[in-house]
Amino acid sequence: MDWLDIKEFFKDTIKYLIIIGIILFIMLFVFSVTTVVGDSMHPTLKDGEVLILNKFKYKFSDIKREDIISLKYADTKYLIKRVIGLPGDKIEIISNKLYINGIQYPENYLNKDLNYKDFKLSDLGYEVIPEDMYLVLGDNREISLDSRKIGLIKKSDINGKISFRFWPLNKMKFF
């Protein structure tokens, strides 16, 4: 092995290490892969579907109503839910209808035959949602572990926005 071969070997090794570093950075701070566990987001998402989580999205843009997010819960558990209430909102669910600030809000993503308990933000001890907090609900309200049980979610507990479903292949979709 001569000097040129050693020099090429080190150049190639450095290139590969840089590529691996970029990939690791992207996986740790920009995007990650997550799997739906359970049916709390049915019919929008189903158990076993594989999603891309955009961890970087909310660094430069606001969280929006109807965004589907991943959030930290109970140290080791991650939940996937839909953002319903934003800071300053007053939320009520009466007879399976969502009211935001006193106005009925259409939820076309829900199954029409759901039947779940009424809910008022005051059940959690709030008149309106405080700054940097959000109310999140699952689309399958009958079985979902969401803000009605675990309370409002801090912005710091939100891991990112679900941006893309890539498995199963026949259901690929951007969110």
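Residues numbered from 1 in each chain as written. Predicted model: local features only at pLDDT ≥ 70, side-chain atom pairs only at ≥ 80, totals over all residues. Heavy atoms only, no water.

(A) Here's a closer look at the packing of aromatic side chains. Taken as a whole and assessed by the stated rule, the structure comprises one aromatic pair. Relative to F174, the ring of F164 has its centre 4.6 Å away and its plane inclined at 45°; by these criteria the two rings are tilted. You can see F164 sitting in strand β11 (residues 158-167) and its partner F174 sitting in strand β12 (residues 173-174), a full 10 residues away along the chain. Owing to a relative accessible area of 17%, F164 belongs among the buried residues under this scheme. Looking at R82, its charged tip hangs above the ring of Y109, at a distance of 3.7 Å from the centre. (Phe/Tyr/Trp six-rings, centres within 6.5 Å; stacked < 30°, edge-to-face > 60°. Helix = DSSP H or I, 4+ residues; strand = E, 2+ residues; numbered from the N terminus. Buried < 20%, exposed > 50% of the residue type's maximum accessible area, 1.4 Å probe, protein only. Lys NZ or Arg CZ within 6 Å of the ring centre and 35° of its normal.)

(B) The arrangement of the nonpolar core in detail. If you look at the biggest cluster of nonpolar residues, it comprises 16 residues, and the most contacted ones within it are I84, I91, I93, L98, I129, L135 and L152. Elements represented by at least two residues in this core include exactly β5 (91-94), β6 (97-100) and β9 (133-137). Tallying contributions element by element places β9 first for this core, with three residues. Ignoring sequence-local partners within four residues, the contact set of I91 consists of I84, G85, L98, Y99, I100, F119, K120, L121, I129 and L135. (Core = buried A, V, L, I, M, F, W, Y, C linked by side-chain atoms within 4.5 Å. Contact = heavy atoms within 4.5 Å.)

(C) Highlighting the pairing of β9. The element β9 is extensively covered by neighbouring structure, given that five of its five residues are classed as buried. Across the two faces of β9 the burial is the same, with M133, L135 and L137 and Y134 and V136 all buried. In the sheet, strand β4 (residues 77-85) pairs with β9 via three bridges, with the strands oriented antiparallel. Note on β9: the bridge partner recorded for G85 is L135. (Pairing = 2+ DSSP bridges.)

(D) Up close: a nonpolar patch on the surface. A contiguous nonpolar surface patch, about 610 Å² in accessible area, is contributed by Y16, L17, I19, I20, I23 and L24. Look at I19 and you get partly exposed, because its relative accessible area is 45%. (Patch = residues over 30% accessible without salt bridge, like charges linked within 9 Å, V, L, I, M, F, W, Y side chains within 5 Å. Areas by Shrake-Rupley, 256 points an atom, 1.4 Å probe, with all protein chains shown as cover. Salt bridge = Lys/Arg side-chain N within 4 Å of Asp/Glu carboxyl O.)

(E) Examining the side chain of R82 more closely. Along the polypeptide, R82 turns up in strand β4. Once residues lying within four places of it in the same chain are set aside, the contact partners of R82 are M41, T44, E66, D67, I68, Y109, L135, V136, L137 and D139.

(F) Focus on the environment of E142. Residue position: E142 is located in the loop between β9 and α3 (147-150). Spatially, the C-alpha atom of E142 lies 26 Å from that of G88, the residues being 54 residues apart in sequence. Dropping the residues within four chain positions of it, E142 is found in contact with D113, L114, N115 and Y116. One polar contact links the side chain of E142 to the main-chain amide nitrogen of N115, over a distance of 2.9 Å. (Polar contact = N/O pair within 3.5 Å; in protein donor to acceptor, adjacent residues only side chain to side chain.)

(G) Geometry of the confidence of the model for the protein chain. Looking at the protein chain, the pLDDT average stands at 87 and 94% of residues meet or exceed 70. Here helix α1 (residues 3-29) is the element of the protein chain with the lowest mean pLDDT, 75, and β9 is the one with the highest, 96. (pLDDT = per-residue confidence, 0-100.)

(H) Highlighting the sheet that holds β6. What the four strands build is an open sheet, ordered β7-β6-β5-β8; its pairing is antiparallel. One side of each edge strand has no neighbouring strand; the edge strands of this open sheet are β7 (103-105) and β8 (119-120). Judged from the three bridges that link them, β6 and β7 form a sheet pairing that is antiparallel. Counterpart to Y99 in the pairing with β7 is Q104.

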